Each structure stands twice: as structure tokens, then as C-alpha cells.
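Geometric and topological summary
Given next are the chains, with one letter for each unit.
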Amino acid sequence: MAIYQGKSVNLNKPSRISKGEAGYGRKKFKVYVQDGDKVKKVMFGDAKMKIQRFSDERRRAFRSRHGCDSRKPTDKTKARYWSCKMWQSRKSVSDMLK
């Protein structure tokens, strides 16, 4: 647990952006990460698109387009890291958000 803008948050645990929250309608997910001594909120994912990872062709295309395998993302403070993480396994999105 960490403190972000006066409230207690879980680190490195993606969650959906809920209605009424900053970023709703623009991005689909958020995650709080530690960046040095600060806590940073990273928002990622297109709010208007579905994540269709169960299609091998679509998953391969997304991971290729974002360089998930060739230039492996390592910086947790970047949206690309979390997007690639969401598209890596065959677990459902709901399981990844638990």
C-alpha cells in the first residue's frame, strides 16, 4: 500500500477506470506504480476497444506492433509495459485485475 494524493492505493495492480474518475472515457485501465520516492498513476488502454487476446492472430499483431517481444518493455512507469503485460497471457482480463 502507498499514498497517492491523500488516499491509500495498491501498487502494481491494474484496475478499470470507473465512471466519474479522471480519465474515464479516454483510457480503460489504471495502475499505481512507485517511481523513485513518488507514486505515479499510469493510465493505458483504449476505452473504446475490446482486448481480444484469445485470437492468436490479433495477439501476435498487437505484440508485434508495440514491440512487446523484440524491445521488451521494462519500465513500469510506462503505459506500453502494462499494455504488453495485458496481452501476454491467456488469462481473462477479469483474472488479471483481481
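To keep things clear, this report deals only with the structure shown in the data block.

What counts and how
- Residues numbered from 1 in each chain as written.
- Predicted model: local features only at pLDDT ≥ 70, side-chain atom pairs only at ≥ 80, totals over all residues.
- Heavy atoms only, no water.
- Helix = DSSP H or I, 4+ residues; strand = E, 2+ residues; numbered from the N terminus.
- Rg over C-alpha atoms; globule rule 2.2 N^0.38 Å.
- Buried < 20%, exposed > 50% of the residue type's maximum accessible area, 1.4 Å probe, protein only.
- Contact = heavy atoms within 4.5 Å.
- Areas by Shrake-Rupley, 256 points an atom, 1.4 Å probe, with all protein chains shown as cover.
- Lys, Arg positive; Asp, Glu negative; His and termini not counted.
- Charge placed at Lys NZ, Arg CZ, Asp CG, Glu CD.
- Disulfide = S-S within 2.5 Å.
- Pairing = 2+ DSSP bridges.
- Axes fitted to C-alpha atoms, helices over the stretch in contact; angles between N-to-C directions.

Quick look at the overall build of the protein
Scanning the protein from N- to C-terminus turns up 3 helices and 5 strands. Starting at the N terminus and walking to the C terminus, you meet the elements of the protein as β-β-β-β-β-α-α-α. For the protein, whose C-alpha radius of gyration is 14 Å, the value lies close to the compact-globule estimate of 13 Å for 98 residues. Along the longest, intermediate and shortest principal axes, the C-alpha atoms of the protein span 45 × 30 × 20 Å. A total of 98 residues make up the protein; the buried ones form 35% of that total. Restricting to contacts in the protein with at least 6 residues of sequence separation, those with at least 24 account for 39%. When the accessible surface of the protein is summed, it comes to about 6,700 Å², and 49% of that surface belongs to carbon and sulfur atoms. Counting 28 positive and 9 negative side-chain charges, the protein places the averaged centre of each group 3 Å from the other.

Some details on unusual backbone geometry
A positive phi angle is found at Gln-5, which is not glycine, with a value near 50°. Examined against the element boundaries, Gln-5 turns out to sit in the loop between strand 1 (2–4) and strand 2 (7–9). Look at Gln-5 and you get exposed, because its relative accessible area is 71%. The phi angle at Asn-12 is positive, at roughly 60°, despite the residue not being glycine. Turning to its location among the elements, Asn-12 is positioned in the loop between strand 2 and strand 3 (15–16). According to the relative accessible area criterion, Asn-12 is partly exposed, its value standing at 35%.

Quick word on the state of the cysteines
What makes a disulfide is a covalent bond joining the sulfur atoms belonging to two cysteines. A full pass over the atoms with the stated rule returns 1 disulfide. The disulfide partner of Cys-68 is Cys-84, and the gap between their sulfur atoms is 2.0 Å. Here the disulfide of Cys-68 and Cys-84 is left-handed, its torsion about the S-S bond being about -75°. Taken as a pair, Cys-68 in the loop between helix 1 (56–65) and helix 2 (79–86) and Cys-84 in helix 2 lie far apart in primary sequence, 16 residues in all. Overall, the relative accessible area of 1% leaves Cys-68 in the buried class.

Some words on the sheet that holds strand 3
If you trace the 3 strands from one edge of the open sheet to the other, you get 3-4-5, paired in antiparallel fashion. The open sheet has two free edges, formed respectively by strand 3 and strand 5 (38–46), since each of these has just one partner strand. Judged from the 2 bridges that link them, strand 3 and strand 4 (residues 27–35) form a sheet pairing that is antiparallel. In the sheet register, Arg-16 faces strand 4, and the bridge partner there is Phe-29. In this fold helix 2 packs onto strand 4 and strand 5, with an angle of close to 55° to the strand it touches most, strand 5.

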